[in-house]
Amino acid sequence: MSITTGNQLYFPQVPAIVYEGPGSDNPFAFRWYDASRVVAGKPMREHLRFACAYWHSFCGSGADPFGAPTHLFAWNNKPDALDRARDKMDAAFEFITKLGLPYYCFHDVDLIDFTDDIADNEKRLQAITTYALEKQKSSGVKLLWGTANLFSHIRYMNGAATNPDFKVVAHAGAQVKAALDATMALGGENYVFWGGREGYMSLLNTNMKREQEHMARFLHLAKDYARQQGFTGNFFIEPKPCEPTKHQYDYDAATVIGFLREYDLLADFKLNIEVNHATLAGHTFQHELQVAADQGMLGSMDANRGDYQNGWDTDQFPNNIHELTEAMLIILEAGGFAGGGINFDAKIRRNSTDPEDLFHAHIGAMDSFARALLCADAILQQSEYRSLRAQRYASFDTGEGQQFEQGKLSLTDLRRLAETYGEPPLTSGRQEYFENIINRFI
Ligand code: XUL
Ligand code: CO
């Protein structure tokens, strides 16, 4: 991958990041992420398929509800929107290529500032898309997914596809059409829907059934349009239970899968599971991955982490090897992502104000995933993890247990068998032993 930039370098002090191994003390090197190292039959880069999230890394200002922006970066200085967008893209591609990230992801409004004029927005998006295509071609970086931001503009305060006002739904449609066009023009491999305000603040003023039917209709229209244009990629839904609304319809993986099944969308859609969204839903990240994997719906991942003491979506960079190892076990056993990858939907802290901080954040996160991949592979290859779990269910592999699974027994049969078995012996779940297996390989 060659490093491509415009004339100006935005991170001149940072070299290209290369693998130096666990012994290195170079802060601008990988200790674990060795892109071409083969693990479980394929190179790390193909397992992990890392992506840079344009919004956090290049649009995030560090502002919070209590204070003004702190991330005052040089790519935001020019008065003209297209000039600014090109500078931002130069900075982004310098960053992405220096890290060796194979992919990036964006919302429409991350690429270039929008106005309230639909035709002008389409023109703006086309102009920056042309520039992005050049950058992609010269660098080899690809688009993992595109999406439309249907939650920031004031018109979406009551939702986008689920807005009670059809005029707003139409605007959402215009925006998704343009975002799909941009994604397809850039060879985007997937397209994401995160239902930012698709939910309610109060049930008192909400016709939930009607709103959900509108959402399903909207997803069908978007999918049909893209398919007619020849898009063969996946559509992903990204579950999140709340924030910004009190309740979001795409609450968690199980809820979304039920919704997709009810509205006949299962064939085209898969899930994009985000760590901090899982924890907001009261689940572990692993739970959400497993629910998706069990249904063949594990499309992609938005990687970050929450804060154990705070309830909100802090979107910190991932660094917990134990949790990531458990996640990688599920991903490896599922055979990897269906079309997606690992998108760093995470932001550096408000008071991380050095340009280098963005590199440290990504280097640490990429190394954490690489290490977790190695641990998970070793656990699957070398430990009794899989066989111990399988043994817990051995009573269903033969005899009456097997007949039960095959639907050959009635409730009366169960009663008869229970009497012949007598009281079953207690069988330990051995949870602590399982937990020790994980730590043994870290
Ligand atoms: C918000 C979130 C979004 C989606 C894309 O919590 O995760 O950035 O990933 O709209
Ligand atoms: Co996300």
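Residues numbered from 1 in each chain as written. Chains lettered and ligands numbered in written order. Predicted model: local features only at pLDDT ≥ 70, side-chain atom pairs only at ≥ 80, totals over all residues. Heavy atoms only, no water.

**Observations concerning the coordination of the cobalt ion (ligand 2)**
Taken together, Glu238 (OE), Glu274 (OE), Asp302 (OD) and Asp345 (OD) make up the protein donors of the cobalt ion (ligand 2), found 1.9 to 2.1 Å from the metal. Taken in sequence order, the residues that donate to the cobalt ion (ligand 2) follow the motif E-x35-E-x27-D-x42-D. With Glu238 in the loop between β10 (234–237) and β11 (247–248) and Asp345 in the loop between β14 (342–344) and α12 (355–382), this pair connects stretches of sequence that are 107 residues apart. (Donors = N, O, S within 2.8 Å, 3.2 Å for Na, K, Ca; no water. Helix = DSSP H or I, 4+ residues; strand = E, 2+ residues; numbered from the N terminus.)

**Side note on the site of ligand 1**
Taken together, Trp55, His107, Trp194, Glu238, Lys240, Glu274, His277, Asp302, Asp313 and Asp345 are the residues near ligand 1. Contact between ligand 1 and Trp55: an oxygen atom at 3.2 Å from a side-chain N or O atom of the residue. Between ligand 1 and Asp302 there is a distance of 2.9 Å, counted from an oxygen atom to a side-chain nitrogen or oxygen. Coverage of ligand 1 by the protein amounts to 93% of the 290 Å² it exposes when considered alone. Its residues assigned to classes, the shell around ligand 1 shows two nonpolar, two polar and six charged. (Near = heavy atom within 4 Å. Polar contact = N/O pair within 3.5 Å; in protein donor to acceptor, adjacent residues only side chain to side chain. Areas by Shrake-Rupley, 256 points an atom, 1.4 Å probe, with all protein chains shown as cover. Nonpolar A, V, L, I, M, F, W, Y, C, P; charged D, E, K, R; others polar.)

**Digging into the domain arrangement of the protein chain**
Segmenting the protein chain into domains produces domain 1 (18–382) and domain 2 (385–441). With 10 residues of domain 1 in contact, the opposing surface of domain 2 contributes eight residues. Taken over both partners, the interface formed by domain 1 and domain 2 buries close to 860 Å², and the fraction arising from carbon and sulfur atoms is 63%. When the buried area of domain 1 at its contact with domain 2 is split by residue, His322, Glu333 and Ile379 rank highest and sum to 54% of it. A salt bridge links Glu333 to Arg386, with the shortest nitrogen-to-oxygen separation between them at 3.7 Å. Where domain 1 meets domain 2, there are two residue pairs in polar contact (both at pLDDT 80 or more). For the side of domain 1 that touches domain 2, a count of residues per class yields five nonpolar, three polar and two charged. (Domains from an automatic or database assignment. Contact = heavy atoms within 4.5 Å. Buried area = accessible area lost by both parts, 1.4 Å probe. Salt bridge = Lys/Arg side-chain N within 4 Å of Asp/Glu carboxyl O.)

**Digging into helix α7 (residues 208–228)**
It helps to recall that an α-helix has 3.6 residues per turn; residues three or four apart then point in one direction. An ideal rise of 1.5 Å per residue puts 30 Å on 21 residues; α7 measures up with 30 Å between its terminal C-alpha atoms. Among all positions of α7, only Glu211, Met215, Ala216, Phe218, Leu219, His220, Ala222, Lys223, Tyr225 and Ala226 are buried. Of the surrounding secondary structure, the elements contacted by the buried residues of α7 are α6 (166–185), β8 (190–193), β9 (199–200), β10, α8 (253–262) and β12 (269–274). Positive backbone phi, at 95 degrees, marks Gly230, one or two positions downstream of α7. (Expected span 1.5 Å × (residues − 1). Buried < 20%, exposed > 50% of the residue type's maximum accessible area, 1.4 Å probe, protein only.)

**Re the layout of surface pockets**
Size it by volume and the second largest pocket reaches roughly 520 Å³. As for the second largest pocket, its lining consists of 16 residues, of which Glu326, Tyr385, Arg389, Phe434 and Ile438 are closest to the centre. Of all the secondary structure elements, the ones that give two or more residues to the lining of the second largest pocket are α10 (285–294), α11 (321–333), α13 (385–392) and α16 (431–441). Examining the composition of the lining of the second largest pocket, we find that four residues originate from one element, α16, more than from any other. Residues of the lining of the second largest pocket, tallied by class, amount to six nonpolar, six polar and four charged. Two domains each put at least three residues into the lining of the second largest pocket: domain 1 (18–382) and domain 2 (385–441). (1 Å grid on protein atoms, 1.4 Å probe; cavity = no way out; pocket = protein on both sides within 12 Å on 5 of 7 lines; lining within 4 Å. Points joined across faces, edges and corners; volume = space filled by probe spheres on them.)

**Comments concerning the pattern of salt bridges**
Applying the stated criterion across every chain, the model contains 21 salt bridges. With a shortest N-O distance of 3.0 Å, Lys78 and Asp87 are connected by a salt bridge. Salt bridges sharing common partners tie together Arg49, Lys142 and Glu189.

**Some points on the side chain of His47**
By secondary structure assignment, the location of His47 is in helix α1 (residues 44–48). You can call His47 buried: its relative accessible area is 9%. Other than its neighbours up to four places away in sequence, His47 contacts Val39, Ala40, Lys42, Leu332, Phe337 and Leu373.

**Some words on the nonpolar core**
For soluble globular proteins, the rule of thumb is that nonpolar side chains tend to be buried together. Counting residues in hydrophobic clusters, the biggest one holds 120 residues, and the most contacted among them are Leu48, Phe95, Tyr104, Phe193, Leu271, Phe344 and Phe369. In terms of residues, this core owes the most to one element, α12, which gives 15 residues. Both domain 1 (18–382) and domain 2 (385–441) contribute no fewer than three residues apiece to this core. Residue contacts for Phe95: discarding those within four places in its chain leaves Phe11, Cys52, Phe58, Leu101, Leu358, Phe359 and His362. (Core = buried A, V, L, I, M, F, W, Y, C linked by side-chain atoms within 4.5 Å.)

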